[in-house]
Amino acid sequence: MSEVSYFKKAKNFVAKNTTFNTYVSGIDALQFLYEHAATGAMHDSDERYPPPTCHPGTREVVIVRIKDWYGLQTRPDKPIMWIYAPAGYGKTAIAGTISKWLEEVEGLDFSPLGATFHFWRTSPERNSPARFIITIAYQLAMSIPELAPHIENAVKRNPMILRKALETQVMKLIVEPFKALGELEDMPNRLVIVDGLDECINSVHESRAEKQYAEDQETAQIRILDLINTLQSHHLPLCFLILSRPEAWIKQRFQSSSFANVVEVVDMYALGDHSNDTETYIRVELSRIASRIKGDGTPDPGDDEWPGEEVIKSFVRWTNGHMPFASTVIQHIGNRYGDPRNLLENLIHADVYSFRDPAHSSPFSSLNELYMQIMRSCPEGNRALMIEVLEDISACAQHLHSHVGFDRALAILDRLAGRIPGQGARALRPLHAVLPLSGAGGTNKGSLNLSPFIHPSFSEFLLNSHLSLDFAINPRQGIPRLLHGCLNCLSNRTPQSKPDEDHYRFAVRMWPQLFQELQLEPLYAEYYDFLTRLLSINLPKRLLQAHTDQGSIDDIIFSDFPPKSAYRSGHANIIVPQSSLQIYDSEPLVERAVSRVVSTFEASLVYFLNQTPDLWPKKLDHAVVGFLEGREGLSDESNQVVRALRTLQHEHQERLITLVKNHGASYQTLLRDTLSPTTSPDSNTITM
C-alpha cells in the first residue's frame, strides 16, 4: 500500500483514505502560512515598489491626526480610525507615509507596525477577503516575536485552518494566539493598516457559474469590517487604520451600534488645507519639469524664467485645490514628446473650463472636465478607432499579466482585431496622461493583472456615458471583436505558423473565456457564426498544443486552463454565454458545439494521461482537478477521462496520486467519488 507525504517536509503526517494525522514542523508552519498569504498586499512588497508616500509638505494635517490618535506607547481611546476620501486624494500615500514613519521611529524596544494589507481591485490575491486573515497573521508573527510560536502551533494543530472560513481563521490564527500570551494589558500596541477597502470586490471577473458562492463587493467589504470588529472586541494590543472611499455601505456600517463607540472617523476631504498641499505639489513638480527642459540640450530663451510665479498661481487657482486634478495635469504636460509650457498654457486657457466652487460641485467635476479635454485632443478622424482600442484593452486587461505591459498588449490586440501593427498605440497617443504608454509611466506593480489606466477614475469616466458623452466605451463590444480574431487565428494556422507568437498564445487560451463573456443581445447571428467557425477548427490539435505550451502561455495569460466548465455538458458549458443560458435548449447548433468542446477537451486530457509522467505537460494536475470539479464527483463509467483515470488507478496508482496530492484532501475525496465503483465498494479503494 503506497503512502505519500501531503505537505512538503511534513513530519508524522500520513493520509490513508480519509483519516488524517497531521503535524507540521515549526519552520514549515510559518513557511506554509507565508505561501498562502497575499504577499503583494504588504506595504513593502516588490509588487508595490516604490510604495506611494505623501509628497513632502503635503497632507501634514491628516498625518499628524493619525499620529496623535495612535500614540505609539499609549493605546487610543478608540481602537479603529477610518479615513475616507474620494479616489485619487492620496489615501494610499498616507498609508505608505505612516508605515514608513513607524518603521523608522527610534527609541522603542518593539516594532509598532503590526501588519498592513493594501487591497487592489485588479489583483486576484488582493481584491478578495480570502487571504486577508492569513496575511495579517503572518505579519503579526513577524512583528511580534513572542506571538510567533502560538501562531505556529495553530497551524501545526490544523494545517487545514487556511482553508476554513475567515471567521474561524481570525480566532485560531490571531485571537487565540494572543490569548495564549496571558496578560495583554501591558503589551505594546501595534498598528494594523488596511488600505483601499473599497478595492475588495471579490473578483467580479469570475462568473457566478464558476464561483457560485461569490460575494458582491458590499458583502465582501462588510465582512472585512466585521473581522476587524471581532479583533477589537477581544481587546487585543492592536489598533486599526482603515482607509477607503466613502462608499455608502461602509459608512453605514461604521455608523452602526457595533462600531459607533470604537471608531474615530476622519473626512480627509474636509480636513487640512488642500489648496496649500496642492500648491506645494505643483511648485515642486513644475520645478522638476523645468530642470528637465534645461537638461534636454535645446533650451528656449524663456527657459530660465519658466514656470514663473504667474504660471504657478494660475495653475493653483485652476485646480481649486484638487490634488488628483493637479497630478493628472502634471502627468499630461510631463510627456517628453511635447512642450510642457505650451501644453499647460493650452489647458489653462481652454474655453471649455469654468472655475467652479468646490462647495457646489463634486470633487471630481474638474477632473472629469480635464479628462474630456484630453479626449478632445484626439483628432476627430481617429476617435472611433481610439474608442475601439480602449474597449478592446478594457475587455481583456484582467486576463493579462501585468508584466506583459501596455505596449505588448496593444500589439496582441492589433493582430487579433486585424489592425495594422502599431495602429492601436498610435490611436491612443494623445492619451499619454491617463494610459501607461511608453514615456508616460508604466504598468501598476501593485497588480498581478495589467492595469490599463494610470488612475481608476479615468476608467469610471469612460464607462459613464453621462460624463464621457461621445467618448463613452463599452468593453463588452470588444469581446466579440476579440473572439472573432481568436477563432480566425486558430483557423488560419499553418505548419509554417510560429507557435510562440503572443497573439496565438492569447487566442488558444482565451477563446473559451470570451465565449462565456459574450452578451448575445443583439449578437445572436454573430454567435451562431462563431459556433460554426469553432466547429470548423482542428480543435484537437489546438488543445494538445495549448497543453504542451502551458508554460509560455502562462507567461502572458492570467487564467486557468483548461477552464473546468469546458468539461461540463448542457448550458453549464463555457461556450454558452452566461447571459443567455436558455439558448442551449432551443438551438441544435449550440448543443452540437458543446458536445464537440466537451469531447475534445476530454480527449486531450486522455491523450496525456496515457503518456508516461516525463511526457506530461506542465499543470496536467490542474487540468485533472478542473475535470474533477467540472464533473462534481459524478461517476460515469462511459466517460473517457474516467476510464483513463481508472486505468491509472489499477496499473499506475502512484501516478494517479501524484496528480492530486498537492491539491488538498477535498480533491482526493472528489477523485475517489469520481472513480467510485458501481459494484463492490472496496474493489477500487484509493490509498492516498
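Residues numbered from 1 in each chain as written. Predicted model: local features only at pLDDT ≥ 70, side-chain atom pairs only at ≥ 80, totals over all residues. Heavy atoms only, no water.

Draft legend 1. How the structure looks around the overall build of the chain. If you tally the helices and strands in the chain, you get 29 helices and seven strands. Across the 688 residues that make up the chain, the buried fraction comes to 53%. Within the chain, residue pairs in contact and separated by at least 24 positions form 76% of the contacts whose partners lie at least 6 positions apart. Only carbon and sulfur atoms are counted for the fraction: they give 49% of the accessible area of the chain, which is about 29900 Å². (Helix = DSSP H or I, 4+ residues; strand = E, 2+ residues; numbered from the N terminus. Buried < 20%, exposed > 50% of the residue type's maximum accessible area, 1.4 Å probe, protein only. Contact = heavy atoms within 4.5 Å. Areas by Shrake-Rupley, 256 points an atom, 1.4 Å probe, with all protein chains shown as cover.)

Draft legend 2. The arrangement of the sheet that holds strand β4 (residues 113–118) in detail. Across the sheet, five strands lie side by side as β4-β5-β6-β3-β7; this open sheet has parallel pairing. Edge positions in the sheet fall to β4 and β7 (263–267), since each has one partner strand and no second. Adjacent strand axes in the sheet meet at a mean angle of 15 degrees when their direction is disregarded. In the sheet, strand β3 (residues 80–84) pairs with strand β6 (residues 238–244) via five bridges, with the strands oriented parallel. (Pairing = 2+ DSSP bridges. Axes fitted to C-alpha atoms, helices over the stretch in contact; angles between N-to-C directions.)

Draft legend 3. Quick peek at the nonpolar core. Core analysis: the largest hydrophobic core is formed by 119 residues, its most contacted members being Leu390, Phe506, Trp511, Phe515, Ile575 and Leu609. Among the elements that line this core, the one with the most residues is helix α25 (residues 588–609), at 11 residues. Those residues in contact with Leu390 that lie beyond four places of it in its chain are Met375, Leu428, Leu431, Leu435, Phe453, Leu462 and Ile473. Within the second largest apolar cluster, 59 residues are counted, among which are Leu33, Leu166, Val170 and Leu173. (Core = buried A, V, L, I, M, F, W, Y, C linked by side-chain atoms within 4.5 Å.)

Draft legend 4. Region of interest: the confidence of the model for the chain. Put simply, the chain has an average pLDDT of 82, and 84% of its residues get 70 or more. Across the chain, β4 holds the top mean pLDDT of 98, while strand β2 (residues 19–21) sits lowest at 42. Low pLDDT, under 50, characterises residues 1–8; the stretch is placed with 21 contacts to residues that sit more than four places away or in other chains. The model gives residues 351–363 a pLDDT under 50, and that stretch makes 24 contacts with residues more than four places away or in other chains. (pLDDT = per-residue confidence, 0-100.)

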